[in-house]
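Letter by letter, the chains look like this.
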Amino acid sequence: MSENCLFCKIGTGAIPSQKIFENEKVFGFVDIHPQAKTHLLFVHKTHTSNINDMSKDSTAIAEVFQAIAEYTKDKDLSTDGFRVVTNLGPNAGQTVFHTHFHVVGGEPLGHFGRR
Ligand code: AMP
Ligand code: ZN
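Residues numbered from 1 in each chain as written. Chains lettered and ligands numbered in written order. Predicted model: local features only at pLDDT ≥ 70, side-chain atom pairs only at ≥ 80, totals over all residues. Heavy atoms only, no water.

Draft legend 1. Examining the coordination of the zinc ion (ligand 2) more closely. Taken together, the protein ligands of the zinc ion (ligand 2) are Cys5 (SG), Cys8 (SG), His47 (ND1) and His98 (ND1), with distances of 2.0 to 2.3 Å. Geometry at the zinc ion (ligand 2) is tetrahedral, judged from its four donor atoms and the angles of 102 to 116° they form at the metal. Within one chain, the residues donating to the zinc ion (ligand 2) are spaced in sequence as C-x2-C-x38-H-x50-H. On the criterion of sequence distance, the pair formed by His47 in the loop between strand S3 (38-44) and helix H2 (51-54) and His98 in the loop between helix H5 (89-92) and strand S5 (100-105) is long-range, its members being 51 residues apart. A relative accessible area of 1% places His98 in the buried class. (Donors = N, O, S within 2.8 Å, 3.2 Å for Na, K, Ca; no water. Tetrahedral: all angles 85-135°; square planar, octahedral: opposite > 155°, others 65-115°. Helix = DSSP H or I, 4+ residues; strand = E, 2+ residues; numbered from the N terminus. Buried < 20%, exposed > 50% of the residue type's maximum accessible area, 1.4 Å probe, protein only.)

Draft legend 2. Molecular detail of the pattern of salt bridges. The tally for this structure, following the rule as stated, stands at five salt bridges. Linking Glu22 and Lys45 is a salt bridge whose minimum nitrogen-to-oxygen distance equals 2.9 Å. Placement of the pair is Glu22 in strand S1 (residues 19-22) and Lys45 in the loop between S3 and H2, with a sequence separation of 23 residues. Residue class for Glu22 comes out partly exposed when judged on its relative accessible area of 46%. (Salt bridge = Lys/Arg side-chain N within 4 Å of Asp/Glu carboxyl O.)

Draft legend 3. Helix H3 (residues 58-72), seen in detail. Taking 1.5 Å of rise per residue, 15 residues should cover 21 Å, and H3 covers 21 Å from first to last C-alpha, within 8% of that figure. Where H3 ends, the next residue or the one after it, Asp74, has phi of about 65°, a positive value. (Expected span 1.5 Å × (residues − 1).)

Below is the structure:
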């Protein structure tokens, strides 16, 4: 838990969210400004600031992807497909500095790349 961290507070429930997944290590919730029909965020409960910071803990990275796999299993999301994105720093437009993984889908997505 890092003080004044939005996603740590969402993790504890101090700030409300539309949670769609939770286990001991990871939670997932609906993005408040969806960029596609389905736009979820998956977050590890251990605070790190971005994916490079999180890379010191490969187990945590695996736990997030296992949570995504568990959640999407047997859902249209996994048969129709989805995209996982994590932003680091200003060029990528990172705005929340607790590592998070966007899961976007629910419709065909534009090609990934430049604005
Ligand atoms: P990023 O720009 O990659 O740092 O992603 C941060 C994401 O968090 C954005 O897509 C925001 O829409 C989302 N977000 C910010 N505040 C909340 C909130 N209170 N509940 C759900 N999603 C949020
Ligand atoms: Zn945090």
